[in-house]
Structures are given as structure tokens and as C-alpha cells.
Amino acid sequence: SLKAWSLNMEHDIPDYRKFFGSYHNSASGATQPIDEHMLKLLVRKKYKMQFPASAKSRGGQIVQEIVDRYFGLNEYSPIRGVQKRESFDDALRHGMQEYMTYQHRDWDGGLDAETFQACKEVIAETAKNAIEGLKEFYGDTEFEGEYQRFHKDPDIDVPTMLFQDYSGMRNGTSWQIDLKCSFPVRNPAKKDGTRTWRTPKPKTEPTSQQVWQQSVYVKATGDKAGLLFVTAEGYSICTEETCDYLKPERLDAAYHNVKHRWLTIQNLLKAANNDWNRLFSLVPPDMTRIVSWHGPEITKIAKEAWNYE
């Protein structure tokens, strides 16, 4: 709630931000294209809707839920701390029950439905590998799960909300690590029209968006940065010790880019002067991306917002 944010931050949300429903920034919000960010505000504020999920994004959430249940971190809060740990089989059963309720996209020619079936087959192995990766990273030390935190940058007029996946001590230093799952990839169709899927090897280097996200976590909490890349094939751990992109100077540079994006959003929202039409006149859309990412319902809203034929 807004009251909770204000209490948390001792920070007043400016009226122009309230108008657009922009009560906080997020690390992921800074990595979105700006037209995407503005469209998300509109969809949430005026239509009370969310962007559609995908079988892969939902699969990643389910893997994390299984891992959390295994380590006693499900619905974690710093006050409650670590709860009763579940056996892997119990955690997996809970997670799979949850995954089976996923409603696949119905506007992509069946791709998401196919992807869902492929992901379903590998969730157990992916979660096992994530658990092994965390055991290697933190050793026998107890670590924290995900909970809502805030960061305040003096040049940005709303707080930034963040959720670090896992945080704890490692060799006497405070580290956080973010779980990044990759799922099977579709092979090209064979001559008879059938196709197979292949399980990728875990990545060893972050994307620029992942580096941006890490830069916010580091700035907000002071923890060192880590990424745990997981597939059904295995896992790889990426830190400043193994990857130049996560070295402090690179993360400082990345945070500068994040902040620039936040400032751009702030300036556009101010300039729009409490007028949705004006806001969308200031930001050109990438309609091809919107159509392929979000489907017809969101596309219809976007076309109206941008007065797009």
C-alpha cells in the first residue's frame, strides 16, 4: 500500500506520479524499453490488468518456489526468518500443482502451449540444480529468501522497490545471488512437421539487463553481486571472481545507465502534465514488439493509446 511505502521510505509520492500510478521504480523497470514501461503503467492503472505471463517466466517462478520451500524460505520475511524446510518431493509436488494451473497464451499459434509441455518435463531437474548451486555458493551458512526492500536515490522522486532472491554471508562477506533459469529451446521443424526441443547449457555471462539489475541490488544493499544460471543440464555461478561484468566498477557504470533511464521516465511523466494522451505523444511505440510479446488484448490498448492505425 502507498501508506506502507511512505512509512518505509519516509517519503512522499509526488501528485503527478500518483496520477499515472507510478508509486515506485524497480530494477526490472529500468531495463524495460520506455514505451513498454509507459504501456505497463496504463494497463495497470486504467485497465487493472497485468501483462500476460509466459510458460517460461511462470516456470522460472515455480523453480524458485520449489527451491524456497526446500530451504524453508517460502513467503520469507526477515521477522519470521527460515521456516520448516520441506523435502524435495513435497516441494516439487507443491510447485507442480501450482504450475499446472498456468493458462497458456491462446494467440501465438500454440507455441506457448508447446513450451509449457517442454518446461513441465524439466522443472524437477532444474530445481535440483538450483538447490545444488545455492549449496555450493553459501556452503553450510543459513541465508535469507526474497522480501520487499527499498532503495532511495536522491535524484529520483520515488523509492525503488526490489526483491533479491537470496542473500547471506559467504566467506565473511555479504553476498546476494539471483536465480536465472533457462528452459528448453525449440529446434526447427523437421520435414514431416514434427519438432524436438533441446535443453541449453547454463549461461556463463550475464545480459546487459541482468548487469543493470545487479547494479541496483548492490547500490541498495551493499551486498556483492552473484548470478546463478540454471538449466536441466546443470548450473553455473557468475560473480566478480569469474566475470568482469560483475566487478564493482562495471556495476557502477551500469547503475549510471539505470539512473539515466529512471530520470528519463521521471521527466516524461512530469512533462505529460497529468494527461495520458500527452504522455503517449512523447514516447514512440515499437508496435511489432508489443504485438509479439503481449498479444491482441494489450495490443488493442496500445493502439488506442498511441492512436495507431
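Numbering of residues starts from 1 in every chain and runs along the sequence as written. In view of the model being predicted, local features appear only for residues whose pLDDT reaches at least 70, and side-chain atom pairs are presented and counted only at 80 or more, with totals across whole chains, interfaces and linings using the full set of residues. The basis for every side-chain value is the complete set of non-hydrogen atoms in the structure, without hydrogens or water.

### Section: the confidence of the model for the chain
Applied cut-off: Per-residue confidence from the predictor is reported as pLDDT, which spans 0 to 100. In what follows, residue pairs with any heavy atoms lying within 4.5 Å of each other are defined as contacts.
When the pLDDT values of the chain are averaged, the result is 94; 96% of them are 70 or greater. Confidence drops under a pLDDT of 50 for residues 1–9, and excluding neighbours within four residues, the segment shows 15 contacts in the predicted structure.

### Some remarks on the pattern of salt bridges
What counts here: A pair is scored as a salt bridge if a Lys or Arg side-chain nitrogen falls within 4 Å of a carboxyl oxygen belonging to Asp or Glu.
Taken as a whole and assessed by the stated rule, the structure comprises 20 salt bridges. Salt bridges here are not isolated pairs; linked through shared partners, they connect D35, E36, D286 and R289.

### Observations concerning the packing of helix α4 (residues 34–45) against helix α11 (residues 287–305)
Worth spelling out the cut-off: Here the axes come from fitting lines to C-alpha atoms, over the contacting stretch only for helices, and the angles between their N-to-C directions go from 0 to 180 degrees. Helical segments are the DSSP runs of H or I of at least four residues, strand segments are the runs of E of at least two, and each set is numbered from the N terminus. Note on convention: the crossing is left-handed when the near helix lies turned anticlockwise from the far helix by less than a right angle, right-handed when the turn is clockwise. Amino acid classes used here: Ala, Val, Leu, Ile, Met, Phe, Trp, Tyr, Cys and Pro are nonpolar; Asp, Glu, Lys and Arg are charged; the rest, including Gly, are polar.
Where α4 meets α11, the axes come as close as 11 Å, and the angle between the chain directions of the two elements is 60°. Handedness of the crossing formed by α4 with α11: left-handed. Contacts between α4 and α11 involve D35, E36, L39, L42 and V43 from the former and R289, I290, W293, H294, I298, I301, A302 and A305 from the latter. Classifying every residue of the contact of α4 with α11 gives 9 nonpolar, 1 polar and 3 charged.

### What to know about the nonpolar core
Selection rule: Each nonpolar core is a collection of buried residues, namely Ala, Val, Leu, Ile, Met, Phe, Trp, Tyr and Cys, held together in the definition by side-chain atoms within 4.5 Å. Partly exposed describes any residue whose relative accessible area lies between the buried limit of under 20% and the exposed limit of over 50%, with all areas from a 1.4 Å probe on protein chains only and scaled to the type maximum.
The biggest cluster of nonpolar side chains holds 36 residues, and the ones touching the most others in it are I123, L134 and Y166. At the level of elements, α5 (55–71), α6 (88–99), α7 (111–138), β5 (173–181) and β8 (226–231) are the ones that each hand at least two residues to this core.

### A closer look at the environment of T160
For T160, the position within the fold is in strand β3 (residues 160–163). With near-sequence residues (within four places) excluded, T160 lies in contact with N25, S26, A27, R149, F150, H151, V216 and W262.

### Details of the packing of aromatic side chains
Note the threshold: Between 30 and 60 degrees the pair is tilted, below 30 it is stacked and above 60 it is edge-to-face, where a pair is any two Phe, Tyr or Trp rings, Trp via its six-membered ring, whose centres lie within 6.5 Å.
All chains considered together, the criterion is met by 16 aromatic pairs. Relative to Y166, the ring of F143 has its centre 5.9 Å away and its plane inclined at 85°; by these criteria the two rings are edge-to-face. Here F143, found in the loop between α7 and β2 (148–151), pairs with Y166, found in strand β4 (residues 166–170); they are 23 residues apart in sequence, far enough to count as distant. Centroid distance Y255 to W262: 6.0 Å. Interplanar angle 80°. Geometry classified as edge-to-face.

### Looking at the environment of W293
Positionally, W293 belongs in helix α11. Those residues in contact with W293 that lie beyond four places of it in its chain are E36, P52, R105 and W107.

### Describing the sheet that holds β8
Under the convention used in this document: In this analysis, strands are considered paired if DSSP registers two or more bridges between them.
The strand order β4-β5-β8-β9 describes an open sheet built from 4 strands, whose pairing is mixed. The open sheet terminates on both sides in strands that have one partner only, identified here as β4 and β9 (234–239). Pairwise comparison of adjacent strand axes, ignoring direction, gives a mean angle of 30° for this sheet. Relative to β8, β5 runs parallel, the two sharing 4 bridges. In the sheet register, C181 faces β8, and the bridge partner there is V230. Docked against the sheet, α7 engages β4, β5, β8 and β9, running at close to 40° with respect to β9.

### Quick notes on α6
For clarity, the cut-off: Expected helix span is given by 1.5 Å per residue-to-residue step, counting one fewer step than there are residues. It is the directions from the helix axis to the C-beta atoms that the arc portrays.
In this model, α6 (12 residues) spans 16 Å end to end at C-alpha, consistent with the 16 Å of a helix rising 1.5 Å per residue. Along α6, the residues that are buried comprise F88, A91, L92, G95, M96 and Y99. Burial along α6 is one-sided: seen end-on, the buried residues are contained in an arc of 125°. As for α6, its buried residues are in contact with α5 and α7.

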